[in-house]
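Chain and residue survey
For reference, the chains in residue letters:
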Amino acid sequence: MLSIVEFFLLALASFRLTRLIVRDYILEWMRRPFFNVKLVTNDQGVEEEWVEPKGFIGEGLSCQWCVGVWSSVIMVIFYLIVPYGEWLVFVFALAGLQSILYAWTDRL
């Protein structure tokens, strides 16, 4: 059974991996083949990008809830099975906490 600290470490790590896959620029190359990007002019005459997912994988990659489930599974497998996998979980957990703190302080 996992302790509360382990649970929160896994939660933060899963959060960070999910955000990395769904939103962060560094993995845009991975998402790009599964999305159509259209330029649309809004009512004010400003061009905006409209991103539409293509197919099942595109829908999955655009859904933070879907990716979150798989990210959680990956983090638990790394934590429990992979030798030294807890270090990866720890690094992702620190990055997740940093991401939350950055977003919080950016609003101040």
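Summary of the structure given here. These numbers come from a predicted model, not from an experiment. (Residues numbered from 1 in each chain as written. Predicted model: local features only at pLDDT ≥ 70, side-chain atom pairs only at ≥ 80, totals over all residues. Heavy atoms only, no water.)

Digging into the nonpolar core
Quick note on the threshold: Among buried residues, the Ala, Val, Leu, Ile, Met, Phe, Trp, Tyr and Cys ones that are joined through side-chain atoms within 4.5 Å form a nonpolar core. Relative accessibility under 20% of the residue-type maximum defines a buried residue, over 50% an exposed one, and the middle range a partly exposed one, all with a 1.4 Å probe and only protein chains included. Numbering goes from the N terminus for both helices and strands, where a helix is a DSSP run of H or I of at least four residues and a strand is a run of E of at least two. Residues count as neighbours in contact if any of their non-hydrogen atoms are within 4.5 Å of one another.
In terms of nonpolar packing, the biggest core is built from 15 residues, with A13, L17, I21, M75, V89 and F92 touching the most fellow members. Broken down by secondary-structure element, the contributors of at least two residues to this core are α1 (4–22), α4 (64–80) and α5 (85–106). If you tally residues by element for this core, the top one is α1, at six residues. Beyond its immediate chain neighbours, meaning those up to four positions away, F92 contacts L12, A13, R16, L17, L20 and M75.

Notes on the packing of α1 against α4
Note the threshold: An axis is simply a line fitted to the C-alpha atoms; with a helix, the fit covers only the stretch in contact. Between two such axes, the angle follows the N-to-C directions and lies from 0 to 180 degrees. We call two directions roughly parallel when the angle between them is under 35 degrees, roughly antiparallel when it is over 145, roughly perpendicular when it lies between 65 and 115, and oblique otherwise. Crossing handedness: left-handed means the near helix sits turned counterclockwise from the far one by under a right angle, and right-handed means the same turn made clockwise.
Packing of α1 against α4 leaves a shortest axis separation of 8 Å and a crossing angle of 130 degrees. With respect to their mutual orientation, α1 and α4 come out oblique. For the pair α1 and α4, the crossing hand works out as right-handed. Between α1, through E6, L10, A13, S14, L17, T18, I21 and V22, and α4, the contact on the second element is made entirely by Q64, V67, G68, S71, S72, I74, M75, V76 and Y79.

Focus on the pattern of salt bridges
In plain terms, the rule: By convention in these notes, a salt bridge is any Lys or Arg side-chain nitrogen within 4 Å of a carboxyl oxygen on Asp or Glu.
Scanning all chains against the criterion turns up four salt bridges. Its salt-bridge partner being R19, residue D24 comes within 3.9 Å of it at the nearest N-O pair. Judged by relative accessible area, which is 33%, R19 ranks as partly exposed. With a closest N to O distance of 3.5 Å, E52 and K38 form a salt bridge.

Focus: the pairing of strand β2 (residues 47–53)
Definition in use: Any two strands between which DSSP finds at least two bridges are classified as paired.
Examined bridge by bridge, strand β1 (residues 35–41) and β2 share seven bridges and lie antiparallel to one another. By the bridge assignment for β2, T41 is matched with E47. If you look at the hairpin formed by β1 and β2, you'll find five residues sitting between the two strands, and G45 has a positive phi there, around 85 degrees.

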